[in-house]
Amino acid sequence: MIPGGADHPLLEVRGVTKRFPGVLALDGVNLTVKAGEVVGLVGENGAGKSTLMNLLGGVHQPDAGSIVIDGRPVEIRSARASIALGIGFIHQELTVLDNLDAPGNILLGREPVRGGPLRLLDRAAMLSAAREPLARLGIAASPGVPLRDLSLAQRQMVEIAKVLSRHARLIIMDEPTSRLTPAETDRLLAVVRDLKAQGAGVILISHRLGEVGACADRVVVLRDGRNAGELARQEISHDRMVRLMVGRELARAPARAALPERAPALEVRGLVVRARPQCAVSFEVAAGEILGLAGLVGAGRSELAQALFGIDPPLAGDILVDGRPVAVRFPRDAIAAGIALVPEDRHTAGLVVEMTVRENLTLACLGQFTRIGLIRAKPEKDFARGRCAALAIRTPSVEAPVQSLSGGNQQKVAVGKWLSPPPRVLILDEPTRGVDVGAKAEIYSLMRDLVEGGVGILMISSDMEEVLGVSDRVAVMHEGRLAGVLGRDAFGEEAVMRLAVGSAG
Amino acid sequence: MSRKELALALLLAVLCAATAALNPRFLGVDNLQNMARLTGLFGIFSIGLGAAIITGGIDLSVGSLFALQGVLLAMALREWNWGWAVAVAAALAGPAALGWLHGWLVVRMRLQPFIVTLCGLLVYRGAARFLANDETKGFGSGNFGPLRALAAGDVLGVPMSFVLLLAVAAVTGVLLNRSVYGRWLLATGRNEEAARYSGVPTARVIMGAYVVSGALAGVSGILIAFYTNSISPASHGNFYELYGIAAAVLGGCTLRGGEGSVTGIVIGTAILQVLQNLVNLLGIPSSLNFAVMGAVILLGVLADELVGRWRPGGGGGRPNST
C-alpha cells in the first residue's frame with residue numbers, strides 16, 4: 001500500500017446519510033480511498049453501494065455528512081462537477097457508443113475542432129489525444145473501427161480510456177467484470193493494478209468476491225446502508241466478507257407445519273436458456289409449496305422465468321406441469337398448461353398501465369366473458385369488481401387507469417389477473433419490489449392462500465428477508481447455474497449468500 | 001361518446017354553421033349529398049388506416065394501392081371481360097393479401113411499418129403505371145352489376161357510399177370496443193410487451209390490423225374507382241393515404257399507438273371534407289386547400305395536447321362507444 005503520507009487521502013466520505021421517501025438508503029457511511037490504493041466495496045443487493053456511488057457521481061446530494069477530496073470538502077452537484085473533481089466511473093452497463101470509433105468515444109463532447117465557422121473535427125488532434133490514454137491500457141487506437149466491431153472487453157477498455165483521458169484520479173468500477181470472460185477479467189484486473197501503480201485510487205464494486213480478494217488493498221463492507229466493517233489486505237477472505245455482508249442474525253420466520261409429501265406441480269429438467277446456452281437447470285416445485293429463488297442480480301433468474309413462460313422459449317430441456325410434459329413456445333402455451341408469470345417490471349411487462357383496472361384484470365382471461373366473440377360488459381365488470389374486493393385493491397373504480405394506483409395496488413392487479421382460475425404454477429419475479437409494507441403483507445397472505453389451495457409458487461426475490469421468511473425451500477442461482485437448494489433446516493442468510501457468490505474460492 | 005368525440009362533433013358543427021352562414025349554398029341538397037358521398041369514400045379506408053395506427057404502425061400504401069387496383073379492375077371488366085362478381089372478389093382479395101404481406105414484413109421480418117408501406121407506395125404506383133402502359137383506364141358507361149350504384153347512387157337521398165361507411169363503422173366500432181380482438185389490439189398498441197406477457201398473440205393481432213387496413217382500402221378503392229370512373233395511373237389516389245392519416249389523427253388516434261375510436265375517425269373524415277368544401281364555397285384560392293387542412297389539423301392536435309396537460313391523466317381518447 002502506498003501511504004498517503006502527511007498528505008490528505010484522495011477521497012474521504014464522512015458520515016454520509018441519504019434518505020429517499022420511505023427508505024434510509026445510507027446512514028452515516030464512511031469511506032476513505034488513498035492515492036495508489038484499490039478499495040473493494042461489497043454488500044448485498046440494496047446495501048447502499050449504488051446510492052453511495054450516485055453521491056460521488058453527482059446524481060444525488062447527501063442529506064448529511066460530507067465528501068472531502070484532497071482535504072477539501074466538496075459539493076458534487078452534477079455529473080460535470082464530478083468529472084471536474086477527477087472522479088471517473090466505469091459502469092456495469094457500458095456507456096460507450098458503438099457506432100463511433102475509440103477516439104470518437106474518448107473525446108465525445110469535447111472534440112478538438114479546427115478553426116473556422118464550420119467547426120470541423122480535427123481528426124489528427126483527436127487521434128493524438130486518444131493515443132495516450134489508450135497506450136496506458138496497452139491497446140491500439142484503431143481509428144475508424146466502430147466499437148461494435150470490438151469485443152466487449154475491448155469496449156470496456158475504451159470506456160476506461162475515456163475516463164483516464166479526463167485525468168481521473170479516482171476511478172470507480174461498478175461490476176466491471178460481470179460480462180467478461182475469465183481471460184478478459186484477468187486483463188482488466190491487471191489494468192486495475194497498473195492504475196494503482198500509476199497513483200490512481202480505485203473503488204472496485206463487485207459481487208465476485210474472488211476478484212475483490214485478488215486485487216483489493218482493503219475491503220469496505222456495506223450492509224443495510226451502514227458500514228458493516230472493513231478488512232485490511234491480510235484479513236481479506238471469502239468467508240469474512242460474506243459474514244460481514246450478512247451480519248445480523250435473522251429472526252427465523254415461524255416454521256410452517258412440515259409439508260405432507262406432495263406431487264410436484266412443476267418439474268424442470270435440463271432447461272437451457274438462450275442467454276446462457278452453456279448452463280442447464282433442473283428443479284421441482286411441489287404443489288402447495290413456495291420455492292424461493294435467490295441469487296445476485298444477473299444470476300439468470302428472470303431469464304429462467306421468461307423461458308418457463310414462453311417469452312424467450314427454452315433451447316432445450318423439459319417442463320412438466322402436474323407430471324405432464326408441456327411444450328412452451330409462446331406465453332399462451334404456458335398459460336394453457338397452468339403456468340402464470342408476474343414479471344419483475346410491472347410498468348413495461350406486468351400491466352398495461354394506461355388501461356383500466358378492469359381491462360388489466362381481464363386481459364389474460366377475456367374468453368370467460370364472451371358470447372359469439374363479443375365481450376359482455378356486465379360479467380366483465382362484475383368480475384373486476386369481485387377481484388378488487390377479494391384482493392382489497394384500493395381504487396376509486398374499476399374504470400380507473402392502473403397507473404393512478406399505488407405501487408402495492410398495481411402489484412395486486414398484476415397478480416390478480418392470473419387468479420381465475422388459479423394457475424397450477426405461479427411464478428412471481430420480485431413480487432414486492434416498490435411495494436409498501438401493508439401491501440407486502442397482503443401479497444404474502446395471498447401467496448399463502450394460494451399454496452394452501454395447492455398452487456406451486458416459484459418466487460424470485462433479491463430481498464433476503466423475504467426469501468427466508470416466505471419460502472418453504474430456497475434454490476440459489478449463480479451465473480446461470482443452480483448452485484444449490486436449501487431446505488428449511490439449512491436456511492440462513494450466510495448459507496444463501498455463500499451459494500449466491502459462488503463459494504469456489 | 002367520449003369527451004374527445006364530442007369535442008370533434010362540436011368542431012364539425014361549428015365549421016358547418018360558419019360555412020353555411022357565409023355561403024348558404026353549403027346547405028344545398030347537392031352540396032350536402034356530395035360531401036356525404038366523399039366522406040363515405042374516404043371514411044372507409046381511413047378506419048382501416050386507424051387500425052394500423054392503433055398498433056403503433058402506419059400504412060402509407062393505400063393511395064398507390066387504389067391506382068393499382070383501379071387499373072386492374074378497369075382492365076378486368078373492360079378488356080378481359082371478367083364477370084363483375086369475379087372482378088370484385090379479386091379487387092377485394094388482392095388488397096387484403098397485400099395488407100397481410102405488410103403485416104408479415106412488419107411482424108416476422110421486424111421491418112418498420114413506415115418503410116414497408118413506403119415501399120408499397122412506390123411499388124404499387126409503379127406497377128399500376130406499367131400495367132396500364134401509363135394510359136388512363138376507365139369503365140365507360142356500363143353499370144357492372146351494382147357497382148356503379150354503390151359508388152354513385154343514393155338510398156332515400158343518402159349517398160350509398162355514406163350508408164356503406166356507417167355500416168362499416170358500426171361493425172368495426174363494435175369489434176374495436178367489444179370484441180376480444182379489439183381489446184387485444186388496443187392493449188398491443190399501448191404496450192406490446194405487457195400484452196405478450198398476458199398471453200395475447202401480438203404478432204397475429206398486428207398482422208390482423210394490416211389485413212383490415214388492406215381490406216378496407218380494397219372496399220374504398222372499388223368505390224373510388226367507380227366514382228371517378230376513369231383511372232389515370234400516375235395520379236389516381238395520390239395523397240389519399242395522407243387524408244386517411246389526417247382523419248385518424250384528427251379523430252383521436254395517436255401515432256404512438258393504443259388509442260383511437262371509430263366514431264372519431266368518421267367525424268375526422270367529415271371535417272376534412274367540410275374544410276375542402278369551405279375552401280371552394282368561400283372563394284379561397286383552391287391552391288390553399290392543403291394549407292387550410294394542415295393548419296386545422298395542427299390546431300386540433302395542439303388543442304388536444306394542451307387540454308390533456310391541464311387534466312392530468314386525462315388524454316381523453318378512450319374509446320367508449322361507437
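Just above, that's the structure.
The model shown is predicted, which means the values in this text are computed figures rather than measured ones.

Draft legend 1. Representation of the overall build of chain B in the model. Check the secondary structure of chain B and you find 13 helices and four strands. C-alpha atoms of chain B, sized along the principal axes, occupy 60 × 55 × 35 Å. The 322 residues of chain B split such that 53% are buried. In chain B, 79% of the contacts between residues at least 6 apart in sequence involve partners at least 24 apart. Total accessible area on chain B is roughly 13,700 Å²; 68% of this is exposed by carbon and sulfur atoms. When the 20 positive and 13 negative side-chain charges of chain B are each reduced to one mean point, those points stand 6 Å apart.

Draft legend 2. Broad picture of the nonpolar core. The biggest cluster of nonpolar side chains holds 84 residues, and the ones touching the most others in it are Phe 45, Ile 47, Phe 139 and Phe 226 of chain B. It is helix α12 (residues 262-281) of chain B that contributes the most residues to this core, 12 residues altogether. Among the nonpolar cores identified, the runner-up in size contains 67 residues, and Leu 266, Leu 304, Val 415 and Val 425 of chain A belong to it.

Draft legend 3. How the structure looks around the sheet that holds strand β1 (residues 11-20) of chain A. Residue and element names in this part refer to chain A. Strand order in the open sheet made by the four strands is β2-β1-β4-β5, with antiparallel pairing throughout. Bordering the open sheet on either side are β2 (23-33) and β5 (72-74), each of which pairs with just one other strand. The sheet shows a mean angle of 30 degrees between the axes of neighbouring strands, taken without regard to direction. By the bridge criterion, five bridges tie β1 to strand β4 (residues 64-69) in an arrangement that is antiparallel. Across the sheet, residue Val 13 finds its bridge partner in β4, namely Ile 67.

Draft legend 4. Focus on helix α5 (residues 113-131) of chain B. All names here are of chain B. Here α5 is 19 residues long and its end C-alpha atoms lie 26 Å apart, about the 27 Å a rise of 1.5 Å per residue gives. Listed as buried for α5 are Pro 113, Val 116, Thr 117, Gly 120, Tyr 124, Arg 125 and Ala 128. Taken down its axis, α5 places every buried residue within 160 degrees of arc, on the same side. Exposed side chains of α5 directed beyond 90 degrees from the buried face belong to Leu 122, Val 123 and Phe 130.

Draft legend 5. Fine view of unusual backbone geometry. The step from Ser 420 of chain A to Pro 421 of chain A runs through a cis peptide bond, and the omega angle for that step is -5 degrees. With respect to the helices and strands, the residue Pro 421 of chain A is situated in the loop between α14 (407-416) and β19 (425-429). Positioned with a positive phi, Asn 229 of chain B is a non-glycine residue whose angle comes to about 70 degrees. Along the chain, Asn 229 of chain B turns up in the loop between α10 (202-228) and β4 (230-231).

Draft legend 6. Quick look at the packing of aromatic side chains. Here the structure, examined in full by the defined rule, presents 16 aromatic pairs over all chains. Seen from their ring centres, Tyr 240 of chain B and Tyr 243 of chain B are 5.9 Å apart, and the 85 degrees between their planes marks the pair as edge-to-face. You can see Tyr 240 of chain B and its partner Tyr 243 of chain B sitting in helix α11 (residues 240-250), three residues apart, about one turn around the helix. Classification of Tyr 240 of chain B by relative accessible area gives buried; the value is 19%. Judged by relative accessible area, Tyr 243 of chain B falls into the buried class, the value being 14%. What links up through ring pairs into an aromatic cluster is the set Phe 42, Phe 45, Phe 66, Phe 239, Tyr 240, Tyr 243 and Phe 290 of chain B. It is Arg 332 of chain A that lies over the ring of Phe 330 of chain A; its NZ or CZ is 4.7 Å from the centre.

Draft legend 7. Local environment of the pattern of salt bridges. Inspection of every chain in the model, using the stated rule, returns 33 salt bridges over all chains. The closest approach of N and O atoms between Lys 378 of chain A and Asp 382 of chain A, which form a salt bridge, is 2.8 Å. Separated by four residues within a single helix, Lys 378 of chain A and Asp 382 of chain A lie in helix α13 (residues 377-390), roughly one turn from each other. Linked through salt bridges whose partners overlap, the residues forming this network are Arg 358, Glu 359, Glu 380, Lys 381 and Glu 399 of chain A together with Arg 183 of chain B.

Draft legend 8. Main features of empty space enclosed by the protein. Residues and elements named next belong to chain A. Scanning the model with the defined rule gives six cavities of 30 Å³ or more in all. For the largest cavity, the calculated volume is near 90 Å³. Taken together, 13 residues line the largest cavity, and the ones lying closest to its centre are Asn 45, Gly 295, Ser 462, Met 464 and Met 497. Those elements that place two or more of their residues in the lining of the largest cavity are β13 (290-295), α16 (464-470) and α17 (493-500).

Draft legend 9. Highlighting α12 of chain B. Residue and element names in this part refer to chain B. Across its 20 residues, α12 extends 29 Å between first and last C-alpha, which sits within 8% of the 28 Å expected from 1.5 Å per residue. Buried residues dominate α12, accounting for 19 of its 20 residues. Its side-chain oxygen 2.9 Å from the backbone nitrogen of Gly 264, Ser 261 forms the N-cap of α12. After α12 finishes, the residue Gly 283 shows a positive phi value of roughly 70 degrees.

Draft legend 10. Looking closely at the sheet that holds strand β15 (residues 324-325) of chain A. Residues and elements named next belong to chain A. Taking strand neighbours across the sheet as the criterion, the four strands line up as β12-β11-β14-β15 in an open arrangement whose pairing is antiparallel. Pairing within the sheet leaves two strands with one partner each, and these edge strands are β12 (276-286) and β15. Bridge count for strand β11 (residues 264-273) against strand β14 (residues 316-321) is five bridges, and the pairing is antiparallel. Each residue of the ladder has a partner; that of Arg 269, found in β14, is Asp 318. In the packing of helix α9 (residues 301-308) onto the sheet, contacts are made with β11, β12 and β14, and the angle to β11 comes to roughly 110 degrees.

Draft legend 11. Quick peek at the packing of helix α5 (residues 152-165) of chain A against helix α6 (residues 182-197) of chain A. Residues and elements named next belong to chain A. One can describe the packing of α5 onto α6 by two numbers: an axis separation of 10 Å at closest approach and a directional angle of 15 degrees. The orientation of α5 relative to α6 falls into the category roughly parallel. Between α5 and α6 the crossing geometry is right-handed. Each of Ala 153, Gln 156, Met 157, Ile 160 and Leu 164 in α5 lies in contact with α6, whose residues at this interface are Glu 184, Arg 187, Leu 188, Val 191 and Leu 195. Of the residues contributing to the contact of α5 with α6, the split by class is seven nonpolar, one polar and two charged.

Draft legend 12. A look at the interface of chain A and chain B. The interface of chain A with chain B comprises 30 residues on the first partner and 20 residues on the second. Of the roughly 2,200 Å² buried between chain A and chain B on both sides combined, carbon and sulfur atoms contribute 57%. There are two salt bridges connecting chain A and chain B. Arg 183 of chain B is paired through a salt bridge with Glu 380 of chain A; the nearest N and O atoms lie 2.7 Å apart. The tally of links from chain A across to chain B stands at eight residue pairs in polar contact (both at pLDDT 80 or more). Put simply, the parts of the chain that give the side of chain A that touches chain B at least two residues each are α10 (331-337), α11 (346-350), α12 (357-362) and β18 (374-375) of chain A. When its residues are assigned to classes, the side of chain A that touches chain B shows 16 nonpolar, seven polar and seven charged.

Draft legend 13. View of the side chain of Ser 206 of chain A. Residue and element names in this part refer to chain A. Within the fold, Ser 206 resides in the loop between β8 (201-205) and α7 (209-215). By relative accessible area, Ser 206 is classed as buried at 1%. At 2.9 Å, the side chain of Ser 206 forms a polar contact with the backbone nitrogen of Arg 208. Side chain to side chain, Ser 206 and Glu 211 meet in a polar contact 3.1 Å long.

Draft legend 14. Highlighting a nonpolar patch on the surface. A grouping of Trp 100, Leu 101, Trp 104, Met 109 and Leu 111 of chain B is seen on the molecular surface, where their side chains present a nonpolar patch of about 460 Å² in accessible area. By the element assignment, Leu 111 of chain B lies in the loop between α4 (84-107) and α5.

Draft legend 15. Spotlight on the pairing of β1 of chain A. Where β1 of chain A lies against β2 of chain A, seven bridges are found, and the strand directions are antiparallel. Paired with Val 16 of chain A across the strands is Val 29 of chain A, a residue of β2 of chain A.

The rules we used
Residues numbered from 1 in each chain as written. Chains lettered and ligands numbered in written order. Predicted model: local features only at pLDDT ≥ 70, side-chain atom pairs only at ≥ 80, totals over all residues. Heavy atoms only, no water. Helix = DSSP H or I, 4+ residues; strand = E, 2+ residues; numbered from the N terminus. Buried < 20%, exposed > 50% of the residue type's maximum accessible area, 1.4 Å probe, protein only. Contact = heavy atoms within 4.5 Å. Areas by Shrake-Rupley, 256 points an atom, 1.4 Å probe, with all protein chains shown as cover. Lys, Arg positive; Asp, Glu negative; His and termini not counted. Charge placed at Lys NZ, Arg CZ, Asp CG, Glu CD. Core = buried A, V, L, I, M, F, W, Y, C linked by side-chain atoms within 4.5 Å. Pairing = 2+ DSSP bridges. Axes fitted to C-alpha atoms, helices over the stretch in contact; angles between N-to-C directions. Expected span 1.5 Å × (residues − 1). Arc of directions from axis to C-beta. Phe/Tyr/Trp six-rings, centres within 6.5 Å; stacked < 30°, edge-to-face > 60°. Lys NZ or Arg CZ within 6 Å of the ring centre and 35° of its normal. Salt bridge = Lys/Arg side-chain N within 4 Å of Asp/Glu carboxyl O. 1 Å grid on protein atoms, 1.4 Å probe; cavity = no way out; pocket = protein on both sides within 12 Å on 5 of 7 lines; lining within 4 Å. Points joined across faces, edges and corners; volume = space filled by probe spheres on them. Polar contact = N/O pair within 3.5 Å; in protein donor to acceptor, adjacent residues only side chain to side chain. Parallel < 35°, antiparallel > 145°, perpendicular 65-115°, else oblique. Left-handed = near helix turned anticlockwise from the far one by under 90°. Nonpolar A, V, L, I, M, F, W, Y, C, P; charged D, E, K, R; others polar. Buried area = accessible area lost by both parts, 1.4 Å probe. Patch = residues over 30% accessible without salt bridge, like charges linked within 9 Å, V, L, I, M, F, W, Y side chains within 5 Å.

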